[in-house]
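# Remarks on the overall topology
Okay, here's what each chain looks like letter by letter:
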Amino acid sequence: MGNFTLDQINEMYIDVLREIGNIGAGNATTAIATMLNSKINMNVPKVELMDASKLGSAICPEDEIIVGIFLEVSQDITGSMMFLMKLDSAHYLADKLMGTHKEPDEPFDEMELSALKEIGNIITASYLTALSNMTNLTIAPSIPYVSVDMAGAILSVPAIMFGQYGDNALLIETEFGDDTMINGYFILMPEQDSYATILSSLGIQM
């Protein structure tokens, strides 16, 4: 299959991706609620396919410090995944998990980073499971790692690693929480051939 652009992605594919986002959000809600021992609500306000170079401006200014959890995927599809949170959201989650209350400008300690990585791991695994179940593809994630840095620096990692294969990225914005709703951003960047694999498995001919 030759190269294709975002303009060729039809509405059926967008609808399927939105449904994957909703199912993944539901799976993640249950897991996080158990982890936090509280009722958690989650919804998916936005699902968008976009040029990877535009991800930074779609989330926040590129010089804003954020928390990113990054991993690679392999087997039937290959590429990279990220889950991003702004600092205030990440601090709120860390406080909930650790039973602490730190100032927003305080740096994260190792225990907090580990807890945030686990949250990111749960959410990305939930979306991968939804994608795998809907496509009947085998998708294996790598061990994730967490970074606290400027958005532009964090988002340059997958862009550099996978830019040679294609420029398309799937951005799913999520809102979750209890009395306080926080925002997170799930990004899937399949290699170009993996887009064809996903489309084919869904019965969508380009």
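Residues numbered from 1 in each chain as written. Predicted model: local features only at pLDDT ≥ 70, side-chain atom pairs only at ≥ 80, totals over all residues. Heavy atoms only, no water.

## A short note on the pairing of strand β7 (residues 181-190)
Here is the rule: Burial here depends on accessible area, computed with a 1.4 Å probe over protein chains only, as a share of the maximum for the residue type. Under 20% is buried, over 50% is exposed, and the range in between is partly exposed. Going along the chain from the N terminus, every DSSP run of H or I of four or more residues is numbered as a helix, and every run of E of two or more is numbered as a strand. By the convention used here, strands pair only if DSSP detects at least 2 bridges between them.
Burial runs high along β7: eight of the 10 residues are buried. By the bridge criterion, seven bridges tie strand β3 (residues 79-86) to β7 in an arrangement that is antiparallel. The residue bridging M82 from the neighbouring strand is I187, located in β7.

## Describing the side chain of D95
Convention followed: We call two residues in contact whenever any of their non-hydrogen atoms come within 4.5 Å of each other.
Within the element layout of this structure, D95 appears in helix α3 (residues 87-98). Apart from the residues within four sequence positions on either side, D95 is in contact with T100, H101 and K102.

## Some points on α3
We count it as follows: An expected span of 1.5 Å times one less than the residue number is assigned to each helix.
Here α3 spans 16 Å end to end across 12 residues, near enough to the 16 Å set by a 1.5 Å rise per residue. Listing the buried residues of α3 in full gives S89, A90, H91, L93, A94 and D95.

## Some details on the environment of L171
The residue L171 is located in strand β6 (residues 168-177) in this model. Through-space distance from the C-alpha of L171 to that of I59 is 9.5 Å; in sequence the pair is 112 residues apart.

## Considering a nonpolar patch on the surface
Going by this rule: Patches were defined on residues exceeding 30% relative accessible area and lacking a salt bridge, with like-charge contacts within 9 Å and nonpolar side-chain contacts (Val, Leu, Ile, Met, Phe, Trp, Tyr) within 5 Å. Using a 1.4 Å probe, accessible areas were evaluated by the Shrake-Rupley method; residue-level cover was limited to the displayed protein chains. Think of a salt bridge as a Lys or Arg side-chain nitrogen and an Asp or Glu carboxyl oxygen that are within 4 Å of each other.
A cluster of nonpolar side chains, I65, V148 and M150, forms an exposed patch at the surface whose accessible area comes to about 220 Å². Here M150 is to be found in strand β5 (residues 145-150). For M150, a relative accessible area of 38% gives the class partly exposed.

## Some words on the confidence of the model for the protein chain
Reading fine detail from the predicted coordinates is not recommended where pLDDT is low. Note the cut-off: For every residue, the predictor reports its confidence as pLDDT, a number between 0 and 100.
Across the protein chain, pLDDT averages 77, with 84% of residues at or above 70. Element-level pLDDT for the protein chain is lowest in helix α5 (residues 151-162), with a mean of 70, against a maximum mean of 88 in β5.

## Topic: helix α6 (residues 192-201)
Among all positions in α6, only Q192, S194, Y195, A196, I198 and L199 are buried. Among the residues trailing α6, G203 stands out with phi positive, at a value near 75°.

## A word on the packing of α3 against helix α4 (residues 110-135)
Keep this limit in mind: Interaxial angle, 0 to 180 degrees, is taken between N-to-C directions of lines fitted to C-alpha atoms, where a helix line uses only the stretch in contact. In this scheme, roughly parallel covers angles under 35 degrees and roughly antiparallel covers those over 145, while 65 to 115 is roughly perpendicular and the rest are oblique. Gly is put with the polar residues, along with every residue not named as nonpolar or charged; the nonpolar set is Ala, Val, Leu, Ile, Met, Phe, Trp, Tyr, Cys and Pro, and the charged set is Asp, Glu, Lys and Arg.
Taken N-terminus to C-terminus, the directions of α3 and α4 make an angle of 100°; their axes are 9 Å apart at the nearest point. Taken as axis vectors, α3 and α4 run roughly perpendicular relative to one another. Here A90, L93, A94, L97 and M98 of α3 lie close against α4, whose contacting residues are M111, E112, A115, L116 and I119. Residue composition of the contact of α3 with α4, by class: nine nonpolar, no polar and one charged.

## Brief notes about the pairing of strand β2 (residues 65-75)
Pairing of β2 with β5, which is carried by six bridges, proceeds in the antiparallel orientation. Along β5, the bridge assignment pairs I69 with V146. Of the strand pairs in this sheet, β2 and β3 are connected by eight bridges, and their pairing is antiparallel. Bridge pairing in β3 places E72 opposite S80. Where β2 folds back on β3, the antiparallel hairpin that results is connected by three residues. Here β2 runs beside strand β4 (residues 139-141); their pairing, made up of three bridges, is antiparallel. For V73, the partnering residue across the bridge sits in β4 and is P141.

## With respect to unusual backbone geometry
At Q75, a position not held by glycine, the phi torsion is positive, near 85°. With respect to the helices and strands, the residue Q75 is situated in strand β2.

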